[in-house]
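Geometric and topological summary
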There are 2 protein chains.
Amino acid sequence: MKIYLAGPDVFLPDAHEIGRQKVAICARFGLTGLYPLDNKIDVTAADASRQIFCGNEAMMDEADAIIANLTPFRGAGADPGTVYELGYMAGRGKFCLAYSNDPAVYADRVGRFIDVTSENGRLVDAQGLTVEDFGLVDNLMMIHALELHGCPLVTPAQMPVDVWHDLAAFEACVRMAAARLIAT
Amino acid sequence: MKIYLAGPDVFLPDAHEIGRQKVAICARFGLTGLYPLDNKIDVTAADASRQIFCGNEAMMDEADAIIANLTPFRGAGADPGTVYELGYMAGRGKFCLAYSNDPAVYADRVGRFIDVTSENGRLVDAQGLTVEDFGLVDNLMMIHALELHGCPLVTPAQMPVDVWHDLAAFEACVRMAAARLIAT
């Protein structure tokens, strides 16, 4: 069984090493991890970004499931590139898992970045746009997609010191994927 | 032909009015716009967020295409909930269109929000994470998904004064959708 390993991990300085560790954890549970940076891309080519897209899409089409890293990325919410991939896999009917190393509620987290006020019973930002306030960790589309197309989002009890390198929540996803995908 | 109207428009104070305008533009081009807020949801129910998800997913499954509003939302990139929906529709093999009312290149836009530096030939943020720098308007997954599963992202020549209410780029998407979906 093959698992597509989505996440902003590819933007880390040690992106290749994190991928190697994730693939190794998958292997311990009898699963094959597919990591985007294992695609061979000529990053100097004029169409490098399109090569990356096509490589990632081919990996997703090959995979039986996705484990997405939804840890907040440069702001209050998950990395949109990773979220696109989670949506794509849900649309393809693949088994969807994800984790976030920040267990805070989304509405509280937004308040760390910008001013949030209460207006006629709803939370709003400075532009007057509603701040989603359902007590969920991120946007309801991702949270309920996971519940209904795979397993609920995994979060640690407390944010780890190193949110980009702590793989405990990732490993919990791999364990659930193995239990669901290898048993069937 | 039915078009799912995705975007953070649903978070605007006049979310219903924007939806009405978008549906009216679709109708002018012979298309049926499906707007998330037209789902009947009991927002006071304990499972309101799940009802919203299920309503949105049913609308997407019913639609032939999506027009996603990828205008940057509380940060440098598109709204993750909208991006999830774009990915889902791509995965379902639906026709994908989108617009962003901010035509700036992603790497430049990130620099408006946080410090970006150059390190060994790559742009990085304060945490050392790479800032994607392919000259694209947002993350490559969305940009190339649109090219390959529908129409390229539509952006205005200049950011309109009111990014949340200017519907010229949206109307350009509707025109392209009509040309592609009604002709076939």
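An unreviewed UniProt entry lists chain A under the name Nucleoside 2-deoxyribosyltransferase, from Bradyrhizobium centrolobii.

Turning our attention to the interface of chain A and chain B. With 51 residues of chain A in contact, the opposing surface of chain B contributes 51 residues. Ranking the residues of chain A by area buried against chain B places Arg 74, Tyr 84 and Met 141 of chain A at the top, with a combined share of 18%. Remark: the boundary between chain A and chain B carries four salt bridges. Here Asp 125 of chain B ties to Arg 74 of chain A by a salt bridge, and the two come within 2.8 Å at their closest N and O atoms. In this structure, the connection of chain A to chain B is made through 17 residue pairs in polar contact (both at pLDDT 80 or more). Every element with two or more residues in the side of chain A that touches chain B is listed here: helix H2 (48–62), helix H3 (80–91), helix H4 (106–113) and helix H5 (140–149) of chain A. Within the side of chain A that touches chain B, the residues separate by chemical class into 30 nonpolar, 11 polar and 10 charged.

Residue and element names in this part refer to chain A. Its identity is not glycine, yet Arg 74 carries a phi of approximately 50°, on the positive side. Relative to the helices and strands, Arg 74 resides in the loop between strand E3 (65–69) and H3. The phi angle at Asn 120 is positive, at roughly 50°, despite the residue not being glycine. You can see Asn 120 is positioned in the loop between strand E5 (117–119) and strand E6 (122–124). When its relative accessible area of 80% is taken as the criterion, Asn 120 is described as exposed.

Residues and elements named next belong to chain A. Counting buried positions along strand E1 (residues 2–6) gives four out of five residues, so the element sits mostly inside the fold. By the bridge criterion, three bridges tie E1 to strand E2 (residues 32–34) in an arrangement that is parallel. Across the sheet, residue Tyr 4 finds its bridge partner in E2, namely Leu 34. Regarding the hand of the β-α-β motif, the stretch spanning E1, helix H1 (residues 15–28) and E2 is right-handed.

Here is what the cut-offs are and how they apply
Residues numbered from 1 in each chain as written. Chains lettered and ligands numbered in written order. Predicted model: local features only at pLDDT ≥ 70, side-chain atom pairs only at ≥ 80, totals over all residues. Heavy atoms only, no water. Contact = heavy atoms within 4.5 Å. Buried area = accessible area lost by both parts, 1.4 Å probe. Salt bridge = Lys/Arg side-chain N within 4 Å of Asp/Glu carboxyl O. Polar contact = N/O pair within 3.5 Å; in protein donor to acceptor, adjacent residues only side chain to side chain. Helix = DSSP H or I, 4+ residues; strand = E, 2+ residues; numbered from the N terminus. Nonpolar A, V, L, I, M, F, W, Y, C, P; charged D, E, K, R; others polar. Buried < 20%, exposed > 50% of the residue type's maximum accessible area, 1.4 Å probe, protein only. Pairing = 2+ DSSP bridges. Right-handed = clockwise from strand over helix to strand, strands pointing away.

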